[in-house]
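Survey of secondary and tertiary structure
Here are the chains, one letter per residue:
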Amino acid sequence: MNSVQAPQQPNSEPQLHFLCGKIASGKSTLAKTLSQQPRTILLCEDEWLSALYPNEIKELSDYIEKSALVKKVLEKHIQHLVAAGNTVVMDFPANTPTQRQWLKFLAQSSGASYVFHVLNVDNQKCKARLAARNLTGENPFQTSEAQFDLITAHFSYPDSSEQLVCKFY
């Protein structure tokens, strides 16, 4: 994978970082890089889902249901982390308008500045990375090419009507 440099934080104010990109586009790699800054906490949806719901996420509908539960629990926690002066990197997908709306709400409700990091990687490159990732077992979920296609059919990049602060890669 290409190495992505974390942008330097211009000040010490807490910030929220959100990630938008297809499966295996490099979101988690960028999230880990961003989280290396001082007073920065990484929250990874895949880790929460796999720990709380082992072997329960088989279909897209399972993911949607369990993801909503995790988000509901973490919402206040994230607000408290920001209020305590921490920057939070959310390794949660911002791949649909609904997901992005929730993440933007988190920023607004916590009073923190935010940035959506948007990774534009073509499907073939993502599928190649996905196949390699599945072999290593580095991700708690194994995603097939058919699942990639199903999930990618719901994917959209942010557009101007969403009025988001974005950084494109």
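Parameters at a glance
- Residues numbered from 1 in each chain as written.
- Predicted model: local features only at pLDDT ≥ 70, side-chain atom pairs only at ≥ 80, totals over all residues.
- Heavy atoms only, no water.
- Helix = DSSP H or I, 4+ residues; strand = E, 2+ residues; numbered from the N terminus.
- Rg over C-alpha atoms; globule rule 2.2 N^0.38 Å.
- Contact = heavy atoms within 4.5 Å.
- Lys, Arg positive; Asp, Glu negative; His and termini not counted.
- Charge placed at Lys NZ, Arg CZ, Asp CG, Glu CD.
- Buried < 20%, exposed > 50% of the residue type's maximum accessible area, 1.4 Å probe, protein only.
- Pairing = 2+ DSSP bridges.
- pLDDT = per-residue confidence, 0-100.

A word on the overall build of the protein. If you tally the helices and strands in the protein, you get 6 helices and 5 strands. Ordered by position from the N terminus, the helices and strands of the protein form the series β-α-β-α-α-β-α-β-α-α-β. Taking 2.2 N^0.38 as the reference for a compact globule, 169 residues should give roughly 15 Å; the C-alpha atoms of the protein span a radius of gyration of 15 Å, in line with that estimate. Each principal axis of the C-alpha atoms in the protein carries an extent, and together these give about 40 × 35 × 30 Å. Restricting the contact set of the protein to residue pairs at least 6 apart, pairs at least 24 apart contribute 77%. Charge-centre separation for the protein: the mean point of 16 positive side chains lies 4 Å from the mean point of 16 negative side chains.

Every other side chain in a regular strand lies on the same face of the sheet, so the side chains alternate between the two faces. Taking burial as the measure, the 6 residues of strand S1 (residues 15-20) include 6 buried ones, the bulk of the element. Taking every second residue as pointing to the same face, both faces of S1 are buried, with Gln15, His17 and Leu19 on one and Leu16, Phe18 and Cys20 on the other. Sheet topology note: the S1/strand S4 (residues 113-118) ladder contains 6 bridges and is parallel. Residue pairing across strands places Leu19 opposite His117, the latter belonging to S4.

So, about the confidence of the model for the protein. For the protein, mean pLDDT is 92; residues scoring 70 or higher make up 93% of the total. Within the model, pLDDT remains below 50 along residues 1-10, and this stretch shows 21 contacts once partners closer than five positions in the same chain are excluded.

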